[in-house]
Amino acid sequence: MKHELPALPYALDALEPKMSKKTLEFHYGKHAQTYVNNLNNLIAGTKFENASLEDIIKGADGPIFNNGSQAWNHTFFFDGLTPKQKPEPTGELLEAIEMSFGSFGSMKEQFSKAAASLFGSGWVWLVMDGKELDIVPTSNAGNPIRDNRKPILCLDVWEHAYYLDYQNRRPDFITNFWELVDWAKIEKRYKESL
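The present account deals with the structure reproduced in this document.

Parameters at a glance
- Residues numbered from 1 in each chain as written.
- Predicted model: local features only at pLDDT ≥ 70, side-chain atom pairs only at ≥ 80, totals over all residues.
- Heavy atoms only, no water.
- Helix = DSSP H or I, 4+ residues; strand = E, 2+ residues; numbered from the N terminus.
- Contact = heavy atoms within 4.5 Å.
- Expected span 1.5 Å × (residues − 1).
- Buried < 20%, exposed > 50% of the residue type's maximum accessible area, 1.4 Å probe, protein only.
- Arc of directions from axis to C-beta.
- 1 Å grid on protein atoms, 1.4 Å probe; cavity = no way out; pocket = protein on both sides within 12 Å on 5 of 7 lines; lining within 4 Å.
- Points joined across faces, edges and corners; volume = space filled by probe spheres on them.
- Nonpolar A, V, L, I, M, F, W, Y, C, P; charged D, E, K, R; others polar.
- Phe/Tyr/Trp six-rings, centres within 6.5 Å; stacked < 30°, edge-to-face > 60°.
- Lys NZ or Arg CZ within 6 Å of the ring centre and 35° of its normal.
- Axes fitted to C-alpha atoms, helices over the stretch in contact; angles between N-to-C directions.
- Parallel < 35°, antiparallel > 145°, perpendicular 65-115°, else oblique.
- Left-handed = near helix turned anticlockwise from the far one by under 90°.

### Focus: the side chain of Thr23
Argument step 1. Relative to the helices and strands, Thr23 resides in helix 1 (residues 21–43).
Argument step 2. For Thr23, the residues in contact, after removing those within four places along its chain, are Tyr28, Ala161, Leu164 and Asp165.

### Description of helix 5 (residues 104–117)
Argument step 1. Counted at 1.5 Å a residue, the expected span for helix 5 with its 14 residues is 20 Å, and the 20 Å between its end C-alpha atoms agrees.
Argument step 2. Among the residues of helix 5, Phe104, Met107, Phe111, Ser112, Ala114 and Ala115 are the ones counted as buried. Along the axis of helix 5, the buried positions cluster into a sector of 160°, meaning they face one direction only. Exposed positions of helix 5 whose direction lies more than 90 degrees from the buried face are Glu109, Lys113 and Ser117.
Argument step 3. Contacts from the buried residues of helix 5 go to helix 4 (91–101), strand 1 (122–129), strand 2 (132–139), strand 3 (150–156), helix 7 (170–177) and helix 8 (183–193).

### Here's the deal with the layout of surface pockets
Argument step 1. Its volume calculated, the largest pocket comes out at about 180 Å³.
Argument step 2. Along the walls of the largest pocket sit His3, Glu4, Leu5, Pro6, Val36, Leu53, Ala71, Trp72, Thr75, Phe76, Asp79 and Arg189, which together make up its complete lining.
Argument step 3. Counting residues per element, the lining of the largest pocket draws most heavily on helix 3 (residues 62–79), at five residues.
Argument step 4. Of the residues that constitute the lining of the largest pocket, the class distribution is seven nonpolar, two polar and three charged.

### Focus on the packing of aromatic side chains
Argument step 1. Within this structure, the stated rule accounts for 15 aromatic pairs.
Argument step 2. Their ring planes at 15° and their centres at 4.6 Å tell us that Trp72 and Phe76 sit as a pair that is stacked. Here Phe76 and Trp72 lie together in helix 3, a separation of four residues that amounts to about one turn.
Argument step 3. Among the aromatic residues, those joined into a cluster by ring pairs are Tyr28, Trp72, Phe76, Phe77, Phe78, Phe104, Phe111, Trp123, Trp125, Phe177, Trp178 and Trp183.
Argument step 4. The cationic tip of Arg146 hangs over the ring face of Phe65; the distance from NZ or CZ to the ring centre is 4.3 Å.
Argument step 5. Looking at Arg189, its charged tip hangs above the ring of Phe76, at a distance of 3.6 Å from the centre.

### As for the packing of helix 5 against helix 7
Argument step 1. In the contact formed by helix 5 and helix 7, the axes pass within 9 Å of each other and the chain directions differ by 150°. If you check the angle between helix 5 and helix 7, you find them roughly antiparallel. As helix 5 runs across helix 7, the sense of the crossing is right-handed. Taken together, the residues of helix 7 that come into contact with helix 5 (itself represented by Phe111, Ser112, Ala115 and Ala116) are Arg170, Ile174 and Phe177.
Argument step 2. Across the contact of helix 5 with helix 7, the residue classes tally to five nonpolar, one polar and one charged.

In C-alpha cells:
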C-alpha cells in the first residue's frame, strides 16, 4: 500500500494570520510529506508493506513507527483546523467536556498548559479513554492509539509547527490554535468514537 498525504481541506493561506501560508508550505508541504515519503520507502518488503497507518502505529517500532505515526498525526492535525470556526463545541461534545473537565474553559486551560509545558517535541491530544475525555501529551511521534485511546483533537508542538510564525513563543501559537479548531469536525470525531 502506498500512503499519500491527503489534500488540505482549505487553501494554504486560509488560516492567516494565525498560521501563515509559509508555515503551511513547510509544515504540510515539506515536513508532513517527508514523513509519508520516508514511510513508503521504509515499509517496502516488510510485514507493514500493506498495513494501514493505524496498524503501523499499533504494531511497528523504530523508524517505521516514527514515520507512520507522524504521517497519521499530521493528517489528523491539519484536518482538525478551519478558517471558518464556530467559537466552541456544542451538544454532546460540550456536555462530555463539562463532565470530564468541569467546563470548556477548564479543558482549554489544561490542554494549553500541557502543550506549553511539554519538553522538546511532541503532541497534545484530547482523547476518548473509555467513555471519558482526557488530555494526553506524547513525546516525539507518540500517538494515543497505541494505548487504545481514541484521539479527537491534537496540537503539534514540534518547533516546525510554529517557528516561522512565532519563533520561540509557543504559548502564543497555542493561544491562536484555539481560534482555528474545527469544532464541527471534532464533534464528528467524538460521535464516531462512542
